[in-house]
Amino acid sequence: RPDTVNIIPITANGEIIVSEQEQPGTEPFIGCLGGRINEGEEPLEAAKRELLEETGMEANDYALFDTTQLIDKIDWAIYTYVARGCRKVKEQEVEAGEKIKLKYVTLEEFLKLAAQDNFRDAEVSLKVFRTINNPAKLEEMKKLFFG
């Protein structure tokens, strides 16, 4: 399986962007933005490309939030980036059959969304769950997200 990237975009005023998506052959879901890393592409390049395609936005800077291989028996790495200072530079360019609606939320709303059954990115949910009850780790996450 090709490696993939997740992006957690954050606007200049501190809103976190999640997606409400419908993909061919799946039930509607909420999750991070992202997709597959193309052959020869670096993970950060893929994150920038996916952010631009799925939101029409670019970011001031990126920080790696997490890297995981969720399933030991499958060679598949998932890179999750925080994209800070996101701003609109063009229209979305979604693939045929995709429906991606952007939802702007607070950190508290993001943490609640990550706990929902229809939140698609289990690796992000797991990282959030391991963070929220540890005050020091939660502060680290806030600094990573908001500087």
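Structural notes, computed from the coordinates. (Residues numbered from 1 in each chain as written. Predicted model: local features only at pLDDT ≥ 70, side-chain atom pairs only at ≥ 80, totals over all residues. Heavy atoms only, no water.)

**Some remarks on the nonpolar core**
So, step 1. Within the largest apolar cluster, 20 residues are counted, with the highest numbers of intra-cluster contacts made by I8, I16, F110, F119, V124, M141 and F145.
So, step 2. Once residues within four sequence positions are removed from consideration, F145 is found in contact with I8, I10, I16, F65, V82, R84, L107 and F110.
So, step 3. By size, the runner-up hydrophobic cluster in this structure holds 18 residues, among which are A47, A59, Y79 and I100. (Core = buried A, V, L, I, M, F, W, Y, C linked by side-chain atoms within 4.5 Å. Buried < 20%, exposed > 50% of the residue type's maximum accessible area, 1.4 Å probe, protein only. Contact = heavy atoms within 4.5 Å.)

**Describing the packing of helix α3 (residues 122-132) against helix α4 (residues 135-146)**
So, step 1. The contact between α3 and α4 brings their axes to 7 Å, and the two run at 125°. Comparing their axes, α4 and α3 come out oblique. Counted together, R130, T131 and I132 of α3 and K137, L138 and M141 of α4 form the full contact between these two elements.
So, step 2. Tallied by class, the residues present in the contact of α3 with α4 amount to 3 nonpolar, 1 polar and 2 charged. (Axes fitted to C-alpha atoms, helices over the stretch in contact; angles between N-to-C directions. Helix = DSSP H or I, 4+ residues; strand = E, 2+ residues; numbered from the N terminus. Parallel < 35°, antiparallel > 145°, perpendicular 65-115°, else oblique. Nonpolar A, V, L, I, M, F, W, Y, C, P; charged D, E, K, R; others polar.)

**Brief notes about the packing of aromatic side chains**
So, step 1. Within this structure, the stated rule accounts for 4 aromatic pairs.
So, step 2. For the pair F110 and F119, a centre-to-centre distance of 6.3 Å together with 85° between the ring planes defines the contact as edge-to-face. When sorted by exposure, F110 lands in the same class as F119, which is buried.
So, step 3. Three or more aromatic residues joined by ring pairs make a cluster, and in this case those are F65, F110, F119, F145 and F146.
So, step 4. Lying over the aromatic face of F29, R120 brings its terminal NZ or CZ to 4.3 Å of the ring centre.
So, step 5. Above the face of the F65 ring, K127 is positioned so that its terminal group lies 5.4 Å from the ring centre. (Phe/Tyr/Trp six-rings, centres within 6.5 Å; stacked < 30°, edge-to-face > 60°. Lys NZ or Arg CZ within 6 Å of the ring centre and 35° of its normal.)

**A word on the environment of M141**
So, step 1. With respect to the helices and strands, M141 occurs in helix α4.
So, step 2. Looking at M141, the relative accessible area reads 4%, which means it is buried.
So, step 3. Residues M141 and A114 lie 27 residues apart in sequence; the distance between their C-alpha atoms is 14 Å.
So, step 4. Leave out the neighbours within four places in its chain, and M141 touches F65, L107, L111 and T131.

**Some words on the environment of E39**
So, step 1. With respect to the element layout, E39 can be found in the loop between β4 (33-36) and α1 (43-55).
So, step 2. Taking the relative accessible area as the measure of exposure, E39 reaches 85% and is therefore exposed.
So, step 3. With 37 residues separating them along the chain, E39 and P2 place their C-alpha atoms 8.2 Å apart.

**Description of a nonpolar patch on the surface**
So, step 1. Together, L70, I71, I74 and L126 line one region of the surface with nonpolar side chains, adding up to about 290 Å² of accessible area.
So, step 2. As for its placement among the helices and strands, L70 is situated in the loop between β6 (61-68) and β7 (78-88). (Patch = residues over 30% accessible without salt bridge, like charges linked within 9 Å, V, L, I, M, F, W, Y side chains within 5 Å. Areas by Shrake-Rupley, 256 points an atom, 1.4 Å probe, with all protein chains shown as cover. Salt bridge = Lys/Arg side-chain N within 4 Å of Asp/Glu carboxyl O.)

Remember that the coordinates give geometry; whether it matters functionally is a separate question.
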